[in-house]
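For reference, the chains in residue letters:
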Amino acid sequence: QVQLVESGGGLVQPGGSLRLSCAASGSIFTWYEMGWYRQAPGKQRELVAAITRGGSTNYADSVKGRFTISRDGTKTTVYLQMNSLKPEDTAVYYCNTKIALPRTDYWGQGTQVTVSS
């Protein structure tokens with residue numbers, strides 16, 4: 001089993017910043033990607049940013065230049081630094097990790113991010 005513990009969500013004004021953290025533990029030896037997804041009310045869950053074990057990153061077009069995903073090199077902890085936040089970034093943000101053996105996706109419980117004045 002894999003456990004993902006998220007933290008860092010909250011309420012922020014437009015233009016502000018937040019940093020999300022996700023700590024993974026358990027049977028994560030064959031993980032190959034960790035990332036953040038988000039789901040706004042009435043919308044499908046979408047990829048925000050992901051980072052591979054080798055350090056390659058991928059971002060949604062809507063967050064490029066504003067969000068940065070990073071990983072603690074010695075631990076399976078990922079961070080999402082979110083700058084210049086917009087109201088349309090409001091959503092529940094979910095941490096995700098992909099395990100190769102067996103091929104499985106694990107999800108965190110979600111953390112609410114609200115961007116509002």
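Look up a bit, the structure's there.
It should be emphasised that the depicted structure is a prediction, and the values quoted were computed from it without experimental measurement.

K.L.:
What am I meant to see in the packing of aromatic side chains here?
P.N.:
Two descriptors summarise a pair of aromatic rings, namely the distance from one centre to the other and the angle between the planes of the rings. In total, this model carries one aromatic pair according to the counting rule given. Ring centres of tyrosine 37 and tryptophan 107 lie 5.0 Å apart, and the angle between their planes is 70°; on these two criteria the pair is classed as edge-to-face. Of this pair, tyrosine 37 sits in strand β4 (residues 31–39) while tryptophan 107 sits in strand β10 (residues 104–107), placing them 70 residues apart in sequence. Positioned above the aromatic ring of tyrosine 94, the side-chain terminus of arginine 45 is 3.7 Å from the ring centre.

K.L.:
Could you clarify how one ought to interpret the side chain of aspartate 89 in this entry?
P.N.:
By secondary structure assignment, the location of aspartate 89 is in the loop between β8 (77–82) and β9 (91–99). In this structure aspartate 89 comes out as buried when scored by relative accessible area, which is 1%. A distance of 2.8 Å separates the side chain of aspartate 89 from the backbone nitrogen of lysine 86, its partner in a polar contact. For aspartate 89, the contacting residues outside a window of four places in its chain are Arg38, Arg66, Phe67, Ser84, Val113 and Val115.

K.L.:
Help me understand the nonpolar core in this model?
P.N.:
Nonpolar side chains in soluble globular proteins tend to end up buried together. With 29 residues, the main nonpolar core has Met34, Trp36, Val48, Phe67, Leu80, Met82 and Tyr93 as its most contacted residues. Elements represented by at least two residues in this core include exactly β1 (2–7), β3 (18–26), β4, β5 (46–52), β7 (67–71), β8, β9 and β11 (111–115). Those residues within four positions of valine 48 in sequence are excluded, and the remaining contacts are Trp36, Tyr37, Arg38, Asn58, Tyr59, Ala60, Val63, Phe67, Leu80 and Tyr93.

K.L.:
Honestly, the state of the cysteines in this entry has me stumped. Any pointers?
P.N.:
Throughout the structure, instances matching the rule amount to one disulfide. The disulfide partner of cysteine 22 is cysteine 95, and the S-S distance across this bridge is 2.0 Å. Disulfide cysteine 22-cysteine 95: the torsion about the S-S bond is -80°, which places it as left-handed. Taken together, the residues cysteine 22 in strand β3 and cysteine 95 in strand β9 connect sequence positions 73 residues apart. Residue classification places cysteine 22 among the buried positions, given a relative accessible area of 0%. Among the residues examined, cysteine 95 registers a relative accessible area of 0% and is labelled buried.

K.L.:
Can you help me understand unusual backbone geometry in this one?
P.N.:
Here the residue pair leucine 101 and proline 102 is connected by a cis peptide bond, since its omega of -10° sits within 30 degrees of zero. Along the polypeptide, proline 102 turns up in the loop between β9 and β10. At serine 84, a position not held by glycine, the phi torsion is positive, near 50°. Checked against the element boundaries, serine 84 lands in the loop between β8 and β9. Serine 84 sits in the partly exposed class, given a relative accessible area of 40%.

Basis of the calculations
Residues numbered from 1 in each chain as written. Predicted model: local features only at pLDDT ≥ 70, side-chain atom pairs only at ≥ 80, totals over all residues. Heavy atoms only, no water. Phe/Tyr/Trp six-rings, centres within 6.5 Å; stacked < 30°, edge-to-face > 60°. Helix = DSSP H or I, 4+ residues; strand = E, 2+ residues; numbered from the N terminus. Lys NZ or Arg CZ within 6 Å of the ring centre and 35° of its normal. Buried < 20%, exposed > 50% of the residue type's maximum accessible area, 1.4 Å probe, protein only. Polar contact = N/O pair within 3.5 Å; in protein donor to acceptor, adjacent residues only side chain to side chain. Contact = heavy atoms within 4.5 Å. Core = buried A, V, L, I, M, F, W, Y, C linked by side-chain atoms within 4.5 Å. Disulfide = S-S within 2.5 Å.

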